[in-house]
Amino acid sequence: MSRENLKILTLAATIGFSVAVTTFLFRYYSNKSNNLSSFDVEEKNNTTSTNTSESTPTPTPSTSSTNSNVNQGQGQQQQQQQQQQQQQQQQQQQVLDIEELIAKCGFCRPEMTDSNRESPNNSISTYHRHYFICTGIPSEEWPAKLYSASPLLESFQQVMKKYEKNPRKEQVINASDIPPANKDTLDVIIFPEMLKLVGLTPNTMEKTLQYFQDNDTIDLSDFPNEIQVEQLNGKYIFVCTHKQKDQRCGYCGPILVDQLRDEIKAQSLEKEIQVFGTSHVGGHKYAGNVLVFPPGNWYGYVTPEDVSSIIDSTITGEVIQKLHRGTMGTEIPKKEKQNKPEHKKH
């Protein structure tokens, strides 16, 4: 190999080595720079995160907020205690009211327990026919003036006022809680005929009353054809439950109705005897007032202890003399009024 060729190879090798070294150094420092840049970013992020966490204070309970919660809790407790006290006071007052009601209106009121109490005998007026209007209104909802309970009843009242007096036979008209067949009309039960007139309007009620003005009893052959008539069977007990008219009847009546029904059920007499509430029959002081049809026996001063006797009397027809106020269709002698002593003015 010539000297010139050897120089050329030596130069080429030197140049190749330099290029290789230069490439290696470039790649090395390039990667180093990237790693350093990444490190700087992480450091900055860590520093920022650290600063952020250091700059955000940990929330601590506020003293004012704690006090507010405590005060609110105490206020609620006080309110609950006040409500409990009010409820207790209301309950105590209700007990006192009930005790007062029982003392004044119950079965142990003075006029019931007085050994010299006035006898109920002959305490009704003579009459011969009794009408019961079937309103379907529960007795506890009856106003003092019962016929004001509905426009329909008011219309019936206007008709009944026209025929209040019957020259042939004295009559009594009461309302009962028996439901009528239709909501837009009323039914009427009549004793002693033992009939039920169904679906009456004020117009047909007037025809009925007019009919009995002209006839002593009913003859279906000439009775108004548009009136539906049903024959009744069994026995009927009516108890005065007209609370808004008198509290004694309002207290004693419903109790007697319930106990009579219970005893009738216990004796399996539901098909033979029915019990209903009736409006004011007069003689509040004789409450409980019980009427038995037929025959139309009136009883006063009736208590729960008399329930069995009332049912027996209903079945047998025998009169309970100590409770007897009178009977429909019999002459009742007028009771002599007792003269009350005059009170001197001082």
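Being a predicted model, the structure only gives us computed values, none of them experimental.

What counts and what doesn't
- Each chain has its residues counted from 1, running along the sequence as written.
- Given that the model is predicted, a residue must reach a pLDDT of at least 70 before its local features are reported, and side-chain atom pairs must reach 80 or more before they are shown or counted; all residues, however, enter totals for whole chains, interfaces and linings.
- The basis for every side-chain value is the complete set of heavy atoms in the structure, and neither hydrogens nor water enter the calculation.
- Under the scheme used here, helices are H or I runs from DSSP no shorter than 4 residues and strands are E runs no shorter than 2 residues, and both carry numbers assigned from the N terminus.
- Think of it in three bands: residues with accessible area under 20% of the maximum for their type are buried, residues over 50% are exposed, and the middle band is partly exposed, with areas taken using a 1.4 Å probe on protein chains only.
- In this analysis, two residues are considered to be in contact whenever any of their non-hydrogen atoms come within 4.5 Å of each other.
- Shrake-Rupley sampling with a 1.4 Å probe provides the accessible areas, and residues are treated as covered by the protein chains on show and by no other component.
- Comment: axis = line fitted to C-alpha atoms, over the contacting stretch for helices; angle = value between 0 and 180 degrees taken between N-to-C directions.
- Here is the rule for handedness: rotate from the far helix to the near one, and if that takes an anticlockwise turn smaller than a right angle the crossing is left-handed, while a clockwise turn gives right-handed.
- Each C-beta atom gives one direction from the helix axis, and the arc is the one those directions make.
- Side-chain rings of Phe, Tyr and Trp (the six-membered ring for Trp) are treated as a pair once their centres are within 6.5 Å; stacked means planes under 30 degrees apart, edge-to-face means over 60, and tilted covers the remaining angles.

### Considerations on the overall build of the protein
Per the secondary structure count, the protein includes seven helices and ten strands. Relative to its 346 residues, the protein shows a buried fraction of 33%. Within the protein, residue pairs in contact and separated by at least 24 positions form 71% of the contacts whose partners lie at least 6 positions apart. If you sum the accessible surface of the protein, you get close to 22400 Å²; carbon and sulfur atoms cover 49% of it.

### Topic: the environment of Pro295
Within the element layout of this structure, Pro295 appears in the loop between strand S8 (290-293) and strand S9 (297-299). Through-space distance from the C-alpha of Pro295 to that of Thr327 is 7.3 Å; in sequence the pair is 32 residues apart. Look past the residues within four positions of Pro295 in its chain and what remains in contact with it is Thr327 and Met328.

### Here we look at the packing of helix H6 (residues 247-266) against helix H7 (residues 307-316)
Two elements in contact, H6 and H7, have axes separated by 10 Å at closest approach and are oriented at 60 degrees. The interaxial crossing formed by H6 with H7 has right-handed handedness. Facing Leu256, Gln259, Leu260, Glu263 and Ile264 of H6, the residues of H7 in contact are Val307, Ser308, Ile310 and Ile311.

### Structural notes on unusual backbone geometry
Residue Pro192 follows Phe191 across a cis peptide bond; omega there is 15 degrees. A cis amide bond links Ala287 with the next residue in sequence, Gly288, at an omega value of 5 degrees. When you line up the elements, Gly288 lands in the loop between strand S7 (273-278) and S8. Here the phi dihedral of Asn122 falls at roughly 60 degrees; this positive angle occurs in a residue that is not glycine. Checked against the element boundaries, Asn122 lands in the loop between helix H3 (110-113) and strand S1 (129-134). By relative accessible area, Asn122 is classed as partly exposed at 33%. Non-glycine residue Ser268 carries a positive phi angle of around 55 degrees.

### Regarding H7
Considered for burial, the residues of H7 that qualify are Val307, Ile310, Ile311, Ser313 and Thr314. Looking straight down H7, one finds that the buried residues subtend no more than 160 degrees of arc, so they occupy a single side.

### Observations concerning the side chain of Ser123
The topology assignment puts Ser123 in the loop between H3 and S1. Residue Ser123 is classed as buried on the basis of its relative accessible area, which comes to 19%.

### Things to note about the packing of aromatic side chains
For the structure on display, the rule yields 15 aromatic pairs. With a centroid separation of 5.6 Å and an interplanar angle of 75 degrees, the aromatic rings of Phe132 and Phe293 are classed as edge-to-face. Linking Phe132 in strand S1 with Phe293 in strand S8, this pair joins segments that are 161 residues apart in sequence. Given the relative accessible area of 0%, Phe132 is considered buried. Exposure remark for Phe293: the relative accessible area of 0% places this residue in the buried category. Ring geometry for Tyr286 against Tyr301: centres 5.3 Å apart, planes inclined by 70 degrees, an arrangement best described as edge-to-face. Of this pair, Tyr286 sits in the loop between S7 and S8 while Tyr301 is found in the loop between S9 and H7, placing the two residues 15 residues apart along the sequence. In this pair, the class of Tyr286 matches that of Tyr301, namely buried. Here the aromatic cluster, defined as three or more aromatic residues joined through ring pairs, consists of Phe132, Phe191, Tyr236, Phe238, Phe276 and Phe293.

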